[in-house]
Every structure is written in structure tokens, then in C-alpha cells.
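In case you want the letters, here they are:
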Amino acid sequence: MVRRITTNGMMQSYKSNLMRSYNTLASVSEKVTTQRNFNSYAESPSKASQAFQLRRYRWNTENQIANSKQVRYKFQQGWKCLEATYQDLGHKLARYSALRADNDADAGGRKALGEVIRGAADSVMETMNARFGENFVFSGADGQTVPFTWGKDADGNDTVLYRGMPVDVETPPEDQIKDGTWDKDAYPEFTALYNTVENEHTYVDLGMGMEEDRDGKLIDSSAFDSALSGIDFIGYGTSSVELEDGTIVDDVPNNIISIMKEMGEIFSACSAEDGSYPDDPKYVPSAIKRAEALEIQLEKKLDDLHASYVDLDTRATFINTNQNRLESMDDSLNEQITGIEDIDPADAITSLMWAQYSYNAALRIGTSILSQSLIDYMN
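Here we summarise the structure given alongside this text. (Residues numbered from 1 in each chain as written. Predicted model: local features only at pLDDT ≥ 70, side-chain atom pairs only at ≥ 80, totals over all residues. Heavy atoms only, no water.)

## Brief notes about the packing of helix H7 (residues 256-268) against helix H8 (residues 287-341)
Note the threshold: Only the stretch in contact is used when a helix axis is fitted, and all axes are lines through C-alpha atoms; the angle between N-to-C directions ranges over 0 to 180 degrees. Numbered from the N terminus, helices here are DSSP runs of H or I no shorter than four residues, and strands are runs of E no shorter than two. Here the word oblique covers every angle except those under 35 degrees (roughly parallel), over 145 (roughly antiparallel) and from 65 to 115 (roughly perpendicular). By convention, the crossing between two helices is left-handed when the near helix turns anticlockwise from the far helix through less than a right angle, and right-handed when the turn is clockwise. By the convention used here, residues are in contact when the closest approach between their heavy atoms is within 4.5 Å.
The N-to-C vectors of H7 and H8 enclose an angle of 150°; their axes lie 9 Å apart at closest approach. On the basis of their axis angle, the class for H7 and H8 is roughly antiparallel. Here H7 runs over H8; the crossing is left-handed. Contact residues: Ile256, Ile259, Met260, Glu262, Met263, Ile266 and Phe267 in H7; Ala287, Arg290, Ala291, Leu294, Glu295, Gln297, Leu298, Lys301, Leu302 and Leu305 in H8.

Here is the structure:
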């Protein structure tokens, strides 16, 4: 059957095609204006789903980058503090002054060097109490509590406190510490300090998975522990030190601040006339042997501090490498998102020009149809 062509039919068909051309032009113009392939999920469900998934990955990556930067700045601050403690305060001031006081200082010089060492102890404490933002760098998992302060021990003597706990406490045998078999009830103060070092953690998501095991416990290797415990670096507890002549000096502090403080007190108490060491019964077996034991202990703890300093530097290097990896991943995800969501400018402009041409052509055809229809009506 042949379709009957009428003026009304032509006008209806024309208006439908004209609106289609106009909608195409509007759609292409919007893409050129917004620089996006789609502005709603309904326009392209497949691409919108891909873009949403990629954006979610990128949001997680950007959060991990932000965490990495914060941890990196914190570790940089800690690294500088340990460097100052080891190089400027511990090695150059305390160790050098101790050697001079013990070997070649004259009477007045020994007392003066004692004051230098005591001042260095205060400086180490101030350095180890450094802040990063609102938190203390070396306060472990409790960033709001001042790490090191001066306080009193059970005998009323000045002592170093770590988060309110004395650090120069009775210590189990070294072999029991290594295998964890010491009697926890017999050494409660040491156990509390040990727990702050070994069992306090601040895990941060740096893009390593952040997964839990079947029991709901975090897998350590899937996150980064950003907690820095001050006593883990400068020591806690006490030790027995053997001198060259075989004498054993007990209860020598492991904490660098305590070592420097006690050395400073001994040298400051030396005679201003002949430089002789004080004859004080609190120094067992004697002040000179106690000073010698403290000097040996300082050498050992400075070596331990240097090892911890190197370990911290290694961890900081890992953070930098991991951050570079995250930033590279972020760039890759952004490229994929751009490839899905953003238009190709050349294609979009070509489509716009074609849509504009089609719409103008439709308008011209409409003029022809309208003119012919009026003539037909007049005839």
C-alpha cells in the first residue's frame, strides 16, 4: 500500500527530525562545554560503572598517599632528633667530655666537664620530646603524653621517667628477656616498659593490603607501624658492667639520659682543688669505678642508638619508595579515569560542527516546506 503524503504528515515528520537534530546539537554542545563523555549514569551505564570503580581505587590511593606523607614527615623529624642525640649531644659532647674528664682533665676542668655532660643530658631529653604537629614523636602509641620527664624514684632520687614510669628499673637476666621467660610479677616496672616498646602499635594503611587473619587480628605485614617509642632508641632498665680489672659494677642504667646525668653528677662532685673523685657511699663500689662503668655503658648505648638510627633511616627509605609507588599508581588511575570520562576534543568538535550543520540544514528544509505549504493553501 502506498503511503499518502500530506502537508500535515510532512510537517509532523519534519518537526520530529528537527527536534532530533536539536537534541543532538544540544548533547554535543554539552559534551564540548563540560569536557565529559557523560554526565549521568543513565547516559552510559557501562562506562559510568568502570569510572566509579576506578575513582574508588583512586580515593583509597590518595588517602594512602596522605598517610604516607604524614608518616614520612614524622619519621624525618624522628631521624633528625636521633641524629642530634647521637652526633651532637651523645658523641661530641657527652662521650668526648667523659673521656677528657676521666683521662686528662685538671681539677677545675673535671667539674666543668661534669656540668657540660649534665647539660647534654637535659638537651637529649628536650630533643627526644620533640613534637610533630600536636603529637610527640617518641611517645609510642600515646602521642599526647610527654615522653621523657624528670621525676623521683622510690628512694626520692632524681630519675628519668618515660610517660610517668621510671626507666632505671630492676631488669631480668638478658637471656630471659630474649626468650620472654622472665617472671612478670617479679619485674612489674620492667614489664610495663617492655610492653610499651613491644606491644604498642599505630598501624597505618600505606597500600600494603591492610588485611586481617581468620581471628580478626591485623596481619602485621599488611600495614605499617608508625609508633616510635623513645626508650626503644635510648634504652631502659639496668645492666651489670665488667671493668678491665674484672670489677663488676651493678645497676648501671641503660638509658642514655640517665647515664649522662649520673656521669655529670660524679664529675661535678669532684674536688675543685685536686680533681679527686667524691668519696660517697652511694657510688658502689666507688665513684671512679662507677664513672668508668658509665663511660663503658655510654659507648655501648651510643652504638645501639646508631644501629637504631640506621634502622629508622631504612624504614624512612621504605616510606619514600612506597610513596613514589603510590603516586605512580595514582597517575595511572587518573589516566584511566580521564580516558573513560573525558572527551576527545578533536572528535567532540567535529561532532559539534556536524550537528550544527545538520540542524541548520533542517531549518532550511523547514523553510522550503513551509513556503510550499502556504502556496498550496492559497491555491
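## Considering the pattern of salt bridges
Applicable threshold: A side-chain nitrogen of Lys or Arg and a carboxyl oxygen of Asp or Glu constitute a salt bridge if their distance falls within 4 Å.
On inspection of all chains with the given rule, the structure shows ten salt bridges. The network of salt bridges with common partners includes Arg58, Glu62 and Asp330.

## Focus: the side chain of serine 222
Using the following cut-off: What qualifies as a polar contact is a pair of N or O atoms within 3.5 Å, subject to a donor-acceptor requirement within protein and to the restriction that residues adjacent in sequence count only when both atoms come from side chains.
Of note, serine 222 is situated in the loop between strand E6 (203-204) and strand E7 (224-225). There is a polar contact of 2.9 Å between the side chain of serine 222 and the backbone nitrogen of glutamate 211. Among the polar contacts listed, one links the side chain of serine 222 to the backbone oxygen of isoleucine 219, at a separation of 2.7 Å. With sequence-adjacent residues up to four places away left out, serine 222 is seen in contact with Met208, Gly209, Met210 and Glu211.

## Here we look at the packing of aromatic side chains
Note the threshold: Two aromatic rings, drawn from Phe, Tyr or Trp (for Trp, its six-membered ring), form a pair once their centres lie within 6.5 Å of each other, and the interplanar angle then sorts them: stacked below 30 degrees, edge-to-face above 60, tilted otherwise. Per-residue accessibility, obtained with a 1.4 Å probe over protein chains only, is compared with the maximum for each type, and a residue is labelled buried under 20%, exposed over 50%, and partly exposed between these values. To sit over a ring, a charge needs its Lys NZ or Arg CZ within 6 Å of the ring centre and within 35 degrees of the ring normal.
What the rule picks out here adds up to ten aromatic pairs. Relative to tyrosine 309, the ring of tryptophan 79 lies with its centre 5.4 Å away and its plane at 20°, an arrangement referred to as stacked. Taken together, the positions of tryptophan 79 in helix H2 (residues 45-103) and tyrosine 309 in helix H8 put the pair 230 residues apart, joining distant regions of the chain. Assessed through its relative accessible area of 12%, tyrosine 309 is described here as buried. Each residue in the set Trp182, Phe190, Tyr194 and Tyr236 is aromatic and connected to the rest through ring pairs, giving one cluster. Lying across the ring of phenylalanine 136, arginine 131 places its NZ or CZ 4.1 Å from the centre.

## Comments concerning helix H5 (residues 188-198)
For H5, every residue scored as buried is listed here: Phe190, Thr191, Leu193, Thr196 and Val197. On its buried face, H5 sits against strand E4 (158-162), strand E5 (165-166), helix H4 (174-179) and helix H6 (230-234).

## Here we look at H7
Every α-helix winds through 3.6 residues per turn, so residues three or four apart in the chain are directed the same way. Threshold: Multiply 1.5 Å by the residue count of a helix minus one, and that product is the helix's expected span.
A rise of 1.5 Å per residue sets the reference length of H7, with its 13 residues, at 18 Å; its end C-alpha atoms lie 18 Å apart and thus fit the reference within 8%. In terms of burial, H7 is a largely internal element, twelve of the 13 residues being buried. Among the residues of H7, those classed as buried are Ile256, Ile257, Ser258, Ile259, Met260, Lys261, Glu262, Met263, Gly264, Ile266, Phe267 and Ser268.

## Side note on the sheet that holds E5
Stated formally: One requirement defines pairing of two strands: DSSP has to find at least two bridges between them.
If you trace the three strands from one edge of the open sheet to the other, you get E3-E4-E5, paired in antiparallel fashion. At either margin of the open sheet sits one strand with a lone partner, and together these are strand E3 (148-152) and E5. With two bridges joining them, E4 and E5 adopt antiparallel strand pairing. Its bridge partner lying in E5, leucine 161 is registered against proline 166.

## A word on a negative patch on the surface
For clarity, the cut-off: Only residues above 30% relative accessible area that lack a salt bridge enter a patch, with like-charged residues linked at up to 9 Å and the nonpolar side chains Val, Leu, Ile, Met, Phe, Trp and Tyr linked at up to 5 Å. Working definition of accessibility: Shrake-Rupley area with a 1.4 Å probe, residue cover restricted to the visible protein chains. Positive: Lys, Arg. Negative: Asp, Glu. His and the chain ends are not part of the count. The atom standing in for a charge is NZ when the residue is Lys, CZ when it is Arg, CG when it is Asp and CD when it is Glu.
Residues Glu170, Glu189, Asp250 and Asp251 make up a contiguous surface patch of negative charge. Tracing the chain through its elements places aspartate 251 in strand E9 (residues 248-253).

Limitation: the analysis is restricted to geometry and does not speak to function.
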